[in-house]
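# Residue-level structural notes
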Amino acid sequence: MAFLLVSERPAEAAVTYSPIRGFCRWLAKARAKRARRIALANLLEFDAALLEDLGINRQDVVDAMRDPPRTAGQTLAARRALSARNWLSP
C-alpha cells in the first residue's frame, strides 16, 4: 500500500528514536527515583511523635520504600487515612 499524502502516514512511521532523548528521559527518571528515596529516608529520621502527628509510623515509611515508586505516595496516603479513621472512631 502506497501512502500518497503525509497525512495518510501512520503515526508510528513518523516517530524517530533519539539516543540523546532516551538518555535524558532515563536521567530524569533516575533523578526522580533518587529524590523519592531521599524524601522517604528523611521521614525515617523523624522521631515517633512527629511521625504520629503526620498520621504514619516507621513501618509505614519502610513499606512505602519497598513499594514501586509510583505507589509509595499512595501507600502513605492510605495509611494516613486509616489512622485518621481509627482516631476519629474509638
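Structural notes, computed from the coordinates. For clarity, every value in this text was computed on a predicted model and none was experimentally measured.

## Points about the overall build of the chain
Each helix and strand in the chain was counted, giving 5 helices and 0 strands. The buried share among the 90 residues of the chain stands at 14%. Taking all contacts inside the chain whose residues are at least 6 apart in sequence as the whole, residues at least 24 apart take part in 31%. In the form shown here, the chain has an accessible surface area of approximately 7,600 Å², with 61% of it arising from carbon and sulfur atoms.

## What to know about the pattern of salt bridges
Following the criterion strictly, the structure yields 3 salt bridges and no others. For Asp63, the salt bridge is made with Arg79, and the minimal N-O distance between the two is 3.0 Å. Linking Asp63 in helix α4 (residues 58-66) with Arg79 in helix α5 (residues 69-88), this pair joins segments that are 16 residues apart in sequence. Asp63 sits in the buried class, given a relative accessible area of 18%. Relative accessible area serves as the criterion here: at 28%, Arg79 is assigned to the partly exposed category.

## A closer look at the nonpolar core
A general tendency of soluble globular proteins is for nonpolar side chains to be buried together. Leu40, Leu43, Leu51, Ile56, Val61, Ala64, Ala72 and Leu76 together form the largest nonpolar core, which totals 8 residues. For this core, the secondary structure elements donating two or more residues are α2 (19-44), α4 and α5. If sequence neighbours within four positions are ignored, Leu40 has contacts with Val61, Ala64, Met65, Ala72 and Leu76.

## Concerning α2
Structural remark: α-helix, 3.6 residues per turn; residues separated by three or four positions point the same way. The first and last C-alpha atoms of α2 sit 38 Å apart over 26 residues, in line with the 38 Å expected at 1.5 Å per residue. Three or more residues of α2 are buried, namely Gly22, Leu40 and Leu43. Where α2 is buried, its residues contact α3 (48-54), α4 and α5.

## Things to note about the packing of α2 against α4
The contact between α2 and α4 brings their axes to 9 Å, and the two run at 165°. Classified by the interaxial angle, the pair formed by α2 and α4 is roughly antiparallel. Regarding α2 and α4, the two cross each other, and that crossing is left-handed. Each of Arg37, Leu40, Ala41, Leu43 and Leu44 in α2 lies in contact with α4, whose residues at this interface are Arg58, Val61, Val62, Ala64 and Met65.

Definitions and cut-offs
- Residues numbered from 1 in each chain as written.
- Predicted model: local features only at pLDDT ≥ 70, side-chain atom pairs only at ≥ 80, totals over all residues.
- Heavy atoms only, no water.
- Helix = DSSP H or I, 4+ residues; strand = E, 2+ residues; numbered from the N terminus.
- Buried < 20%, exposed > 50% of the residue type's maximum accessible area, 1.4 Å probe, protein only.
- Contact = heavy atoms within 4.5 Å.
- Areas by Shrake-Rupley, 256 points an atom, 1.4 Å probe, with all protein chains shown as cover.
- Salt bridge = Lys/Arg side-chain N within 4 Å of Asp/Glu carboxyl O.
- Core = buried A, V, L, I, M, F, W, Y, C linked by side-chain atoms within 4.5 Å.
- Expected span 1.5 Å × (residues − 1).
- Axes fitted to C-alpha atoms, helices over the stretch in contact; angles between N-to-C directions.
- Parallel < 35°, antiparallel > 145°, perpendicular 65-115°, else oblique.
- Left-handed = near helix turned anticlockwise from the far one by under 90°.

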